[in-house]
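Residue-level structure breakdown
For reference, the chains in residue letters:
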Amino acid sequence: MTVWEDLVGQDRVTEQLVAAARDADAYVTAAASGGTDPAALSGSAMTHAWLFTGPPGSGRATAARAFAAALQCVSPDRALGGAPGCGFCDGCHTALVGTHADVEVVRTDQLSIGADTTRELVRRTQLSPSGGRWQVVVLEEADRLTESAGNVLLKAVEEPASRTVWLLCASSVDDVLPTIRSRCRLLVLRTPPVDAVADLLIRRDGIEPETAATAARATQGHIDRARRLATDERARARRAAVLRLPVRIEQLGDALKAAQELIDAAGADAREAVEEVDARETEEMRAALGASEGGRLPRGTAGVMKELETRQKRRATRAQRDSLDLALVDLTSFYRDVLTRQFGSPAALANEDVRDTVERIAATTRPEQTLRRMEAVLECRRAIDRNVAPLLAVEAMAVALRTG
C-alpha cells in the first residue's frame, strides 16, 4: 500500500504531489552524484512551501503527511521509474509513524500556536537533513498561528533553508496571512464522496460494511469523524442525544435544560480526553523537578507547575470546544435533512437513523423556520469561536431553535 492510498477522492491533488515528489527525488539524486544548483527546482513541480486547504475531514493533514513520506522515500523502485511514496521503505514508514528524524509534525491541543514554538521550529529547519534528503515540517493547524507566530514563519518561508519544505494545513486560504499564502503553492482538497469514505473504513479499518456506510453518511464524508463514529460506542450515544434535541425544546425551560446538558456532555467528553494526559504530565514534571512521591515540590519550582497547569487548562478548553463543535455540526446536518425533505429533494438523508423525526419536523414546520434554525446553530459556532461563554451561546441557540 503506497502512502497515497488514504487520500480519498483527491485524485487531482495526488497527481500534483506525485509529480512534485518525482522532481524532488530527481533533484536529490542529481545533487548526490555531483551537485545541483538550487535554482534547478524553479519551474519544476516541486517547491519549498505548500498550503493544503479544504473543509474539515477532507484529509489535509493526511495529504501533507503522505507528501512528507514521499519526499523521504528510499525505495529502489525509484530507479526503475516507480513513483516515490512506496509506503514500505524505511523512509516512508518512519515518516508516517512519526519517528523520522527529518520530519516534524506539529499539531496543538492548545487554542493557538505561539511565536516561541514557531521560532524553535524555524531554528531546527536551518539544520541540514540528517538523512541527506529533505527537512520537512508539517504544520497541521496553520490557522491557529498567532499574528506574531505568523510573522516569524513568514521570514522562514521568504528565505527558505536549503532542502527545507514547509507543509501548512488550514481550512481556508483566508485563515493564513496573505504574505505567507502568496509564497506557498496552493492545493485545494474537496470533501470525499461518502461511498469512498465507507470503502476506506472497510478496507483499512476492517469495519462492517453496514456500519461503515452509516458512519460515512452521518458525517457526510468526514474521514476522522466517520472512523470514530464507527468504532466508538460513546460517540454514537452522544450523537444520538444531540439528534434528540430538536424534539425536546417545546417549552423555554426544556430549551435551557437541553443547553445545559449539551454543555455538560461536552465537558465530560473533554475531561475524558485530557485527564489521563494531564495526570501523566503532572507526574513526569514532579519527577523532573525532584519531588518525592506524594511529597512537596522543591523551592522555586511552583512557577513551573503553574505554567503546566495553565497549559492543561487551555487544552481542556480546546477539547471542550471541539466536542461542542462536533455536536453543533451534527445538529446542522439534522436541519439540513429537514430542509431537504421540505423542498422535496431526492438527496439521501445524512441521518437515516432518525428519518421518522426528520420527516415529522419537515411536515409540521416551514422551510424558512428551518433556515433560521440552521443560522442559529451557525451563529452559536461563531459566538464560541469569538470566546463567548459556551453556555450563553448554546442557551441563545436553544431558544432560537424553539421559536424557529
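Above this text is the structure in question.
1. Here we look at the overall build of the chain
Per the secondary structure count, the chain includes 15 helices and 5 strands. The buried share of the chain, reckoned over its 404 residues, is 45%. Long-range contacts, defined here as pairs at least 24 residues apart, represent 72% of the contacts in the chain between residues at least 6 apart. Side-chain charges in the chain split into 53 positive and 58 negative, and the spacing between the mean points of these groups amounts to 3 Å.

2. A closer look at the packing of helix 12 (residues 302-342) against helix 13 (residues 355-364)
In contact at an axis separation of 9 Å, helix 12 and helix 13 are set at 60° when each is read in the N-to-C sense. Overall, the two elements helix 12 and helix 13 adopt an arrangement that is oblique. Crossing geometry of helix 12 relative to helix 13 is assigned as right-handed. Along the contact surface, helix 12 presents Phe334, Asp337, Val338, Arg341 and Gln342, while helix 13 presents Arg355, Thr357, Val358, Glu359, Ile361 and Ala362. Along the lines of polarity and charge, the residues of the contact of helix 12 with helix 13 split into 5 nonpolar, 2 polar and 4 charged.

3. Section: the sheet that holds strand 3 (residues 135-139)
Spatial ordering of the open sheet is given by 2-3-4-1-5, a layout of 5 strands whose pairing is parallel. Looking at the sheet topology across the chains shown, the edges are occupied by strand 2 (103-106) and strand 5 (185-188). On average, each strand axis in the sheet is tilted by 15° relative to the strand beside it, whichever way the strands run. In this structure, strand 1 (residues 49-53) lies alongside strand 4 (residues 164-170), joined through 5 bridges in parallel fashion. Each bridged residue has a counterpart across the sheet, and for Trp50 the counterpart in strand 4 is Leu167. Helix 2 (residues 60-71) rests against strand 1, strand 2, strand 3 and strand 4 of the sheet, and its axis sits at about 165° to strand 4.

4. Notes on the pattern of salt bridges
Inspection of the entire model under this criterion finds 30 salt bridges. Glu359 serves as the salt-bridge partner of Arg341, at 3.9 Å between the closest nitrogen and oxygen. Residue Arg341 is found in helix 12, and its partner Glu359 is found in helix 13; the two are separated by 18 residues along the sequence. A salt bridge links Glu359 to Arg355; the shortest N-O distance between them is 3.0 Å. Residue Glu359 and its partner Arg355 are both found in helix 13; the two are separated by 4 residues, about one turn of the helix. Given the relative accessible area of 34%, Glu359 is considered partly exposed.

5. Things to note about the side chain of Thr14
In this structure, Thr14 sits in helix 1 (residues 11-32). Filtering out sequence-adjacent residues up to four positions away, Thr14 remains in contact with Trp4 and Leu7.

6. Points about the packing of aromatic side chains
Here the structure, examined in full by the defined rule, presents 3 aromatic pairs. Relative to Tyr335, the ring of Phe334 lies with its centre 5.4 Å away and its plane at 85°, an arrangement referred to as edge-to-face. On the basis of relative accessible area, Phe334 is assigned to the buried category, the value being 0%. You can call Tyr335 buried: its relative accessible area is 2%. Positioned above the aromatic ring of Trp50 is the side chain of Arg185, whose terminal nitrogen or guanidinium carbon lies 5.3 Å from the ring centre.

7. Observations regarding the pairing of strand 4
For strand 4, the buried fraction is high: 7 of the 7 residues fall into the buried class. Here strand 4 shows two buried faces, one formed by Thr164, Trp166, Leu168 and Ala170 and the other by Val165, Leu167 and Cys169. Note that strand 3 and strand 4 share 5 bridges and pair parallel. Within strand 4, the position partnered with Val136 by the bridge is Val165.

8. Notes on the nonpolar core
Across soluble globular proteins, you tend to see nonpolar side chains buried next to one another. Core analysis: the largest hydrophobic core is formed by 36 residues, its most contacted members being Trp4, Leu17, Trp50, Phe52, Phe67 and Leu167. At the level of secondary structure, the elements contributing two or more residues to this core comprise helix 1, strand 1, helix 2, helix 3 (90-97), strand 3 and strand 4. Excluding its chain neighbours within four sequence positions, the residues that come into contact with Trp50 are Leu17, Ala20, Ala45, Phe67, Val165, Trp166, Leu167, Leu168, Cys184, Arg185 and Leu187. Core analysis: the next-biggest nonpolar cluster, separate from the first, contains 34 residues, Ala266, Val338, Val377 and Met397 among them.

9. So, the side chain of Arg60
Structurally, Arg60 can be placed in helix 2. No salt bridge is formed by the buried Arg60, whose closest oppositely charged neighbour, Asp143, lies at an N-O distance of 5.8 Å. The contacts of Arg60, once residues within four sequence positions are left out, are Phe52, Thr53, Gly54, Pro55, Cys169, Ala170, Ser171 and Leu189.

10. Looking at the environment of Arg296
Of note, Arg296 is situated in the loop between helix 11 (252-288) and helix 12. Here the alpha-carbon distance between Arg296 and Arg286, two residues 10 residues apart in the chain, equals 9.2 Å.

11. Quick look at helix 4 (residues 115-125)
Buried within helix 4 are the following residues: Ala115, Thr118, Leu121, Val122 and Thr125. One side of helix 4 holds all its buried residues, which, seen down the axis, span an arc of 125°. Residues of helix 4 that are buried sit in contact with strand 2, strand 3, helix 5 (147-158) and strand 4.

12. A few points about unusual backbone geometry
Despite not being glycine, Arg163 has its phi angle at roughly 60°, a positive value. Assignment of secondary structure puts Arg163 in the loop between helix 5 and strand 4. The residue Gln220 is not glycine, and still its phi comes out positive at about 55°.

Criteria and thresholds
- Residues numbered from 1 in each chain as written.
- Predicted model: local features only at pLDDT ≥ 70, side-chain atom pairs only at ≥ 80, totals over all residues.
- Heavy atoms only, no water.
- Helix = DSSP H or I, 4+ residues; strand = E, 2+ residues; numbered from the N terminus.
- Buried < 20%, exposed > 50% of the residue type's maximum accessible area, 1.4 Å probe, protein only.
- Contact = heavy atoms within 4.5 Å.
- Lys, Arg positive; Asp, Glu negative; His and termini not counted.
- Charge placed at Lys NZ, Arg CZ, Asp CG, Glu CD.
- Axes fitted to C-alpha atoms, helices over the stretch in contact; angles between N-to-C directions.
- Parallel < 35°, antiparallel > 145°, perpendicular 65-115°, else oblique.
- Left-handed = near helix turned anticlockwise from the far one by under 90°.
- Nonpolar A, V, L, I, M, F, W, Y, C, P; charged D, E, K, R; others polar.
- Pairing = 2+ DSSP bridges.
- Salt bridge = Lys/Arg side-chain N within 4 Å of Asp/Glu carboxyl O.
- Phe/Tyr/Trp six-rings, centres within 6.5 Å; stacked < 30°, edge-to-face > 60°.
- Lys NZ or Arg CZ within 6 Å of the ring centre and 35° of its normal.
- Core = buried A, V, L, I, M, F, W, Y, C linked by side-chain atoms within 4.5 Å.
- Arc of directions from axis to C-beta.

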